[in-house]
Amino acid sequence: MHQPCANGAVSAPHVNGDAVARNGDLQPPGLRMSQTDQEIVRLIGQHLLSIGLERSAALLMEESGLHLDHPAAATFRQHVLAGDWVKADHDLRALHDLLRDSPHVDPHNLSEMKFVVLEQKYLEHLEAGRVLDALHVLRNELTPLQHDTARVHRLSALMMCADAAELQARARWPGAGPPSRAAVLARVQAVLPPALMMAPGRLRALLAQAAAQQAARCRFHAAPRPSPLADHIPFSLLADHHCSPDRFPIHPLQVLNEHCDEVWYCKWSPDGSKLASGSKDNTVMIWDFDPVAKRLSFRKAFEGHSFGVSYLAWSPDGRYLLSAGHEDCPDIWIWNMETAQLHVKMSHSTEDSLTAAAWHASSDKFVCGGARGQFYHCSVDGTLVNSWDGVRVNALACRADGRGVLAADTHHRVRQYDFTDLTDRNVIQEEHAVMAMTLNAADTLLLLNVANQGVHLWDIRARALVRRFRGLSQGHFTIHACFGGAQQDFIASGSEDNKVYIWHINGEEPIAVVSGHTRCVNAVSWNPVHHDVLVSASDDFTLRLWGPRDHRS
């Protein structure tokens, strides 16, 4: 039986790297495996070692006649993890000999492999106080490589560090030990063919990728997808994954009746802990959300608006809530959510109509506008920074770059404006009026509610219409849609037929149609943190909270 090495790898006879992956003659007599089967065995062996089952891994390798890694790679791994840099350098030369004639290996990558090993060696000498040894590595080994001179200069500056703590801080390096040495291996492995050395945790990464693909295809998977870097996959691997609709936010949890007129808008705070609602009754109401009980409780009403509240926007940091009214409203109200007091009421002209607004990612500026031709760029205290004349705005969204602003105008277009250099360009042209607009968190997809058309999904980068979602009823009322789910794989929208429609982003037909409201549903908002709840706002004077079946009251 091959004995496990100190690093968890299995020692093996020296064989050619190609033979490790393909040569059936290395297998016991009578045992012939395809390349796929050989790779599966190697993956299983690596995983067994990673969880401490060294004898099982050694037996598997002995019985199969295979090796986890090329012997040169296995000894290199062992010597790097042990910090034996003289032997690691010798192993690296052997690996270079194997790779030098390969047409798929960039000579630059060979130099990078050498550099990262010597860099670790240099830093460990410095940390241990062996300054002369470190200087020797710098002058006689790193510099002659003539690879990444700027990095060599940064490394030489570390000679002046007073102690190990300063060295680690300035080099952004965790110090000598398993984590930093494992990082060296990972950087070297990135340029090695897998026949020589498999990536660490390769089987787990493959399973996580498969699980993520299943989650992406799942009709009702609103939770985060498994990450290839995660230690845990949140569902069983023993069968294909399918979420039950019982866990999806389509079941009635709560009806909120505190507003005394039509509820025109609703929006969760960025941290998902609060909900804001705006109504024709001239109030903004704030609600606290209990994620365990999945209930909303009334916190406070903001009063003083002269017109109904038709739009709300939380600043990205959650400190401020902006409210706007219908087409006759010339004011923007900004509420301080930490003090629960009015921060500023912005009015530029009594002739203005300010019905749309959006915050910059920095939370210190916002844009606002309306269909009468006002388009303003303002600071958080309401000061006008600059403006764009004659742009009739129905909806606004700020880009992630902090400069660009998307504006849906009365010419059925979405244009991008840059308030820094006052340039603009066309992004989207629709055939009918764009009533509302939502930008996804990745700043790549735009959701439009289009009069007499419904909900359209656009790819901003390609400037292409991706999908027209079917089913809902939308005439000329302003209906708001939203993205939902941990990966924003879902689209939800209100509808003039009193229902909430939900689609998966990959399909045009709704996956759920939710009934309960008795009049037009004006807006929906999917919780950005607690992905199993959403809220809808309706002309029937109510807000409704939807969630999983087992939390129904």
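Read on for a plain summary of the structure. Note that this is a predicted model, so its numbers are computed, not measured.

1. Focus: the nonpolar core
Stage number 1. Core analysis: the biggest nonpolar cluster contains 45 residues, and Leu296, Ile332, Phe366, Cys368 and Leu543 have the highest contact counts within it.
Stage number 2. Of all hydrophobic cores here, the second largest spans 19 residues; its members include Leu110, Val117, Val184 and Leu196.

2. Let's talk about helix 10 (residues 178-189)
Stage number 1. Under the 1.5 Å per step criterion, the end-to-end length of helix 10 is 16 Å for twelve residues, consistent within 8% with the ideal 16 Å.
Stage number 2. Regarding helix 10, the residues found buried are Ser180, Arg181, Val184, Leu185, Val188 and Gln189.
Stage number 3. Where helix 10 is buried, its residues touch helix 4 (71-82), helix 5 (85-99) and helix 6 (107-127).

3. Looking at the side chain of Asn336
Stage number 1. Along the chain, Asn336 falls in strand 8 (residues 331-336).
Stage number 2. Engagement of the side chain of Asn336 in a polar contact is seen with the backbone nitrogen of Thr339, the distance being 3.1 Å.
Stage number 3. Once you skip the residues sitting within four places of it in the chain, Asn336 turns out to touch Arg319, Tyr320, Gln341 and His343.

4. With respect to the pairing of strand 21 (residues 464-469)
Stage number 1. Of the strand pairs in this sheet, strand 20 (residues 454-459) and strand 21 are connected by five bridges, and their pairing is antiparallel. From the neighbouring strand, Val455 faces strand 21, where its bridge partner is Phe469.
Stage number 2. In textbook terms, the turn of a hairpin is the stretch between consecutive antiparallel strands, and for strand 20 and strand 21 this stretch comprises four residues, one of which, Arg463, has a positive phi near 50°.

5. Remarks on the environment of Glu303
Stage number 1. Structurally, Glu303 can be placed in the loop between strand 5 (295-302) and strand 6 (309-314).
Stage number 2. In this structure Glu303 comes out as exposed when scored by relative accessible area, which is 56%.
Stage number 3. A C-alpha to C-alpha distance of 9.6 Å links Glu303 and Leu342, two positions 39 residues apart in sequence.
Stage number 4. Setting aside residues no more than four positions away along its own chain, Glu303 makes contact with Asn282, Thr283 and Trp335.

6. Topic: the sheet that holds strand 17 (residues 423-429)
The strands making up a sheet are joined through hydrogen bonds of the backbone, oriented either antiparallel or parallel.
Stage number 1. A sheet is described by the order of its strands in space; here four strands give the open sequence 14-15-16-17, paired in antiparallel fashion. The outermost strands of the open sheet, each flanked by one partner alone, are strand 14 (393-398) and strand 17. Shown here is a sheet whose adjacent strand axes are inclined to one another by a mean of 25°, direction ignored.
Stage number 2. Relative to strand 17, strand 16 (residues 413-418) runs antiparallel, the two being bridged by six bridges. In the strand pairing of strand 17, Val414 is matched with Ile428.

Calculation notes
- Residues numbered from 1 in each chain as written.
- Predicted model: local features only at pLDDT ≥ 70, side-chain atom pairs only at ≥ 80, totals over all residues.
- Heavy atoms only, no water.
- Core = buried A, V, L, I, M, F, W, Y, C linked by side-chain atoms within 4.5 Å.
- Buried < 20%, exposed > 50% of the residue type's maximum accessible area, 1.4 Å probe, protein only.
- Helix = DSSP H or I, 4+ residues; strand = E, 2+ residues; numbered from the N terminus.
- Expected span 1.5 Å × (residues − 1).
- Contact = heavy atoms within 4.5 Å.
- Polar contact = N/O pair within 3.5 Å; in protein donor to acceptor, adjacent residues only side chain to side chain.
- Pairing = 2+ DSSP bridges.
- Axes fitted to C-alpha atoms, helices over the stretch in contact; angles between N-to-C directions.

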